[in-house]
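Coordinates in review
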Amino acid sequence: MLIRDAQAGDWAAIWPFFREITEAGETYVYPRDLSFEQGREWWMESPPARTVVAVDEDGKVLGSAKMGPNRPGPGSHVATGSFMVAAEHGGRGVGRALGEELVSWARSAGYRGIQFNAVVQSNTRAVALWRSLGFTVVGTVPEAFRRPDGSYTGLHIMYLPLHG
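So, a few notes on the structure that sits alongside this text. (Residues numbered from 1 in each chain as written. Predicted model: local features only at pLDDT ≥ 70, side-chain atom pairs only at ≥ 80, totals over all residues. Heavy atoms only, no water.)

Brief notes about the overall build of the protein
Here is the rule we go by: In DSSP terms, a helix is any run of H or I states spanning at least four residues, a strand is any run of E spanning at least two, and both are numbered starting from the N terminus. Buried residues are those whose accessible area, probed at 1.4 Å on protein chains only, stays under 20% of the maximum for their type, while exposed residues exceed 50% and partly exposed ones sit between those limits.
The helix and strand inventory of the protein stands at four helices and seven strands. Helices (α) and strands (β) of the protein occur, in sequence order from the N terminus, as β-α-α-β-β-β-α-β-α-β-β. Taken along its principal axes, the extent of the C-alpha atoms in the protein is 40 × 40 × 30 Å. Within the span of the protein, comprising 164 residues, buried residues form 44% of the whole.

Here it is in structure tokens:
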């Protein structure tokens, strides 16, 4: 597997799993009805942020991540990221590789930490992955995420310090 910066032409390969994940409404706070163009605007970042893709040996896109400053101005020293893996490639380490890429990139870019603002509490695979990479839950907003079935779950704020 190779992780590389996404190019404009990669969006067509990202879109099918982006759409599937956002329409499912279980793991992202994104609107469930984004169009192709709206999705591209939400996912494909410009510097100082970046979007990457994980590809196999044949160049097939397996997953993608976006990363950059969590907030502008006085908050720009803390990074953030979002990750999506195509369902058919789950369990192959794609998410872990993308997470490791974010940590490496943020560290080398001089960020002091990485903050995830809205990790869905019921997304136990993602929570376990981020914990295994050293992130901790610094707080949970109870019932901040409404699932498609109408039930509510919390949104974790997770953090990984990169300094010290």
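The structure having been displayed, the exposition proceeds.
Quick notes on the nonpolar core
Selection criterion: Think of a nonpolar core as a cluster: buried Ala, Val, Leu, Ile, Met, Phe, Trp, Tyr and Cys residues, connected wherever their side-chain atoms sit within 4.5 Å.
Grouped together as the largest cluster of nonpolar side chains are 42 residues, with contacts concentrated most on Ile 14, Phe 18, Trp 43, Ile 114, Phe 116, Trp 130 and Phe 135. Of all elements in the fold, only helix 1 (11-24), strand 2 (50-55), strand 3 (61-69), strand 4 (78-85), helix 3 (94-108), strand 5 (113-120), helix 4 (124-132) and strand 7 (152-161) reach the threshold of two or more residues within this core.

Here's the deal with the sheet that holds strand 6 (residues 136-146)
Just so we agree on the cut-off: Strands are labelled as partners when DSSP assigns at least two bridges between them. Angles here are taken between N-to-C directions and fall from 0 to 180 degrees, while the axes themselves are lines fitted to C-alpha atoms, restricted in helices to the stretch in contact.
With respect to topology, seven strands assemble into an open sheet ordered 1-2-3-4-5-7-6, the strand pairing being mixed. Whereas interior strands pair on both sides, the edge strands pair on one side only; in this sheet they are strand 1 (2-5) and strand 6. Neighbour to neighbour, the strand axes of the sheet diverge by 25° on average, direction disregarded.

Some thoughts on the environment of Asp 56
Topologically, Asp 56 is positioned in the loop between strand 2 and strand 3. Taking the C-alpha atoms as reference points, Asp 56 and Ile 3, separated by 53 residues in sequence, lie 9.0 Å from one another.

Focus on helix 3
Filter applied, for reference: Working rule for helices: expected span equals 1.5 Å times residues minus one.
A rise of 1.5 Å per residue sets the reference length of helix 3, with its 15 residues, at 21 Å; its end C-alpha atoms lie 21 Å apart and thus fit the reference within 8%. When helix 3 is considered as a whole, its buried residues turn out to be Val 94, Gly 95, Ala 97, Leu 98, Gly 99, Leu 102, Val 103, Trp 105 and Ala 106. Just beyond helix 3, the residue with positive phi is Gly 110, at close to 90°.

What about unusual backbone geometry?
A cis geometry characterises the amide bond from Pro 47 onward to Pro 48, with omega recorded as 15°. Along the chain, the position of Pro 48 falls in the loop between helix 2 (36-43) and strand 2. One non-glycine residue, Glu 143, lies in the positive phi region at around 55°. Tracing the sequence through the fold places Glu 143 in strand 6. Its relative accessible area of 58% is what places Glu 143 among the exposed residues.

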